Amino acid sequence: MEHIFIEKSSDQPVLVLLHGTGGDEHSLVPIAEHLLPEASILSLRGRVNENGMNRFFKRHAEGEFDLVSLEEETDYLHGEIKELAQKYSLELSKMVLLGYSNGANIGAHLLLTRETPLRLGMFFHVMSLRKLEKVQTMERQQIWLSHGTMDPLVTEENYSQLLHYFNSGGAKVRNFSLPVGHGLHPEEIADAQKWLDSLEG
Ligand code: MLT
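Just so it is clear, the model here is predicted, and its values are computed rather than measured.

Engineer: Hey, could you run me through the environment of Gly52 in this one?
Structural biologist: Here Gly52 lies in the loop between β4 (48–50) and β5 (53–55). Assessed through its relative accessible area of 60%, Gly52 is described here as exposed. C-alpha separation for the pair Gly52 and Ala192, spaced 140 residues apart in sequence, amounts to 30 Å.

Engineer: Would you mind showing me how to read the side chain of Arg119 here?
Structural biologist: Along the chain, Arg119 falls in the loop between α3 (102–113) and β9 (120–124). Here Ser93 takes part through its backbone oxygen, which lies 3.2 Å from a polar atom of the side chain of Arg119.

Engineer: What exactly am I supposed to notice about the environment of Ser27 here?
Structural biologist: Structurally, Ser27 is set in the loop between β2 (14–18) and α1 (29–35). For Ser27, a relative accessible area of 37% translates into the label partly exposed. Separated by 2.8 Å, the side chain of Ser27 and the backbone nitrogen of Asp24 make a polar contact.

Engineer: Even after reading the chapter, I still don't get the sheet that holds strand β3 (residues 41–44), so can you show me in this structure?
Structural biologist: Across a sheet, paired strands are connected by hydrogen bonds in the backbone, their directions being either parallel or antiparallel. One open sheet holds the seven strands; their spatial order is β1-β3-β2-β8-β9-β10-β11, and the pairing between them is mixed. Where the open sheet ends on each side, the last strands, each with one partner, are β1 (3–6) and β11 (172–178). Each strand axis lies, on average, 15° off the axis of its neighbour in the sheet, ignoring direction. Pairing of β9 with strand β10 (residues 142–148) involves four bridges; the strand directions are parallel. Of the residues in β10, the one forming a bridge with Gly121 is Ile143.

Engineer: Which parts of the structure should I look at to understand the site of the ligand?
Structural biologist: Surrounding the ligand, one finds Thr21, Arg55, Phe57, Arg59, Glu62, Phe65, Ser101, Asn102, Asn105 and Leu153. Within the contact set of the ligand, an oxygen atom lies 2.5 Å away from a side-chain nitrogen or oxygen of Thr21. Between Glu62 and the ligand, the recorded distance is 2.9 Å, taken from a side-chain N or O atom to an oxygen atom. Starting from 260 Å² of accessible surface for the ligand in isolation, the protein chains cover 96%.

Engineer: Got a minute to help me understand the pairing of β10 in this structure?
Structural biologist: Looking along a regular strand, one sees the side chains alternate between the two faces of the sheet. Burial within β10 is extensive, with seven of its seven residues counted as buried. As paired strands, β10 and β11 are joined by seven bridges and run parallel to one another. Directly across from Ser146, in β11, lies its bridge partner Phe176. Regarding the hand of the β-α-β motif, the stretch spanning β10, helix α4 (residues 156–168) and β11 is right-handed.

Engineer: Hey, could you run me through the environment of Gln12 in this one?
Structural biologist: Along the chain, Gln12 turns up in the loop between β1 and β2. A relative accessible area of 24% means that Gln12 is categorised as partly exposed. Along the chain, Gln12 and Ser168 lie 156 residues apart, while their C-alpha atoms are 29 Å from each other. Beyond its immediate chain neighbours, meaning those up to four positions away, Gln12 contacts Leu36, Glu38 and Ala39.

Engineer: Is there a simple way to explain the side chain of Asn105 in this structure?
Structural biologist: Relative to the elements of secondary structure, Asn105 occurs in helix α3. In contact with Asn105, other than residues within four places in its own chain, are Phe57, His125, Val126, Met127 and Leu129.

Engineer: Looking at this structure, I do not really get the nonpolar core. What am I missing?
Structural biologist: The tendency in soluble globular proteins is for nonpolar side chains to be buried as a group. Of all hydrophobic cores here, the largest spans 40 residues; its most connected members are Leu44, Ile81, Met95, Phe123, Leu145 and Phe166. Mapped by element, the contributors of at least two residues to this core are β2, β3, α2 (67–87), β8 (95–100), α3, β10 and α4. Among residues more than four places away in sequence, those in contact with Ile81 are Val16, Leu44, Leu92, Met95, Leu97 and Leu118. Within the second largest apolar cluster, 25 residues are counted, among which are Leu15, Leu28, Ile189 and Trp195.

Conventions adopted
- Residue indices begin from 1 for each chain and proceed along its sequence in written order.
- The model is predicted, so local features are restricted to residues of pLDDT at least 70 and side-chain atom pairs to those at 80 or more, both for listing and for counting; the totals for chains, interfaces and linings are taken over all residues.
- The side-chain numbers reported here are obtained from all heavy atoms of the structure, hydrogens and water having been left aside.
- Put simply, DSSP marks the helices as runs of H or I at least four residues long and the strands as runs of E at least two long, and each gets a number from the N terminus on.
- With a 1.4 Å probe rolled over the protein chains alone, any residue whose accessible area is under 20% of its type maximum counts as buried; one over 50% counts as exposed, and the rest are partly exposed.
- Identification of polar contacts relies on pairs of N or O atoms within 3.5 Å, with a donor-acceptor requirement for protein atoms, meaning one able to donate a hydrogen and the other able to accept it, and with residues adjacent in sequence counted only if both atoms are side-chain atoms.
- In short, DSSP must find at least two bridges between two strands for them to pair.
- Orientation is described by lines fitted to C-alpha atoms, with helices fitted over the stretch in contact, and by angles between N-to-C directions that extend from 0 to 180 degrees.
- A single heavy atom is enough: if one lies within 4 Å of a molecule or strand, its residue is considered near that molecule or strand.
- For the accessible areas, the method is Shrake-Rupley and the probe is 1.4 Å, while residue cover comes only from the protein chains on display.
- Whether a crossover is right-handed comes down to one check: with the strands pointing away from the viewer, does the path from the first strand over the helix to the second run clockwise; if it does, it is right-handed.
- Contacts between residues were defined by any pair of non-hydrogen atoms, one from each residue, lying within 4.5 Å.
- By convention a nonpolar core is built from buried Ala, Val, Leu, Ile, Met, Phe, Trp, Tyr and Cys residues, the set being connected through side-chain atoms within 4.5 Å.

In structure tokens form, the structure reads like this:
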């Protein structure tokens, strides 16, 4: 998988960046560097190409997801993160999956549905991608999520469902909702930074 690794201090969490539709491995680096300037960064590029735009899984139309691609790409992403962690000697349990939009969606799906040593997620403007019969036990997981209450892509109902999935798995969840659309705003970045600073162990 195309990626960049920026090595910094080893006693900080490693930020694993998952961009939104049309982004690439460089898109979220400035935000990551702002959030935790001393943290190493592993940033991945989604391998699906939609009319020239990078994504982490296919879709048929806006909000209509290709669920076969979603499951295949979730496994692929999980495998790549584990391989890259080994390659760069990184601890999976200290990684924070940091995604925006499409990247947040696959990152949240991974934590909800795969058994994994990954336990930290920071998901900006995230949504639930499919109905889940069951979710993983997530008692060790700590998740930060944001939602724009005027987001045309993510309904209140969808976001509540996602919160319910994380809560029912037993994850420690911080939800930051704000009256905006799908774009990133300074208030949520500031709250995300507070959450990162407060992470236990
Ligand atoms: C998705 O496709 O993951 C969501 O609709 C967000 C986006 O437009 O990328």
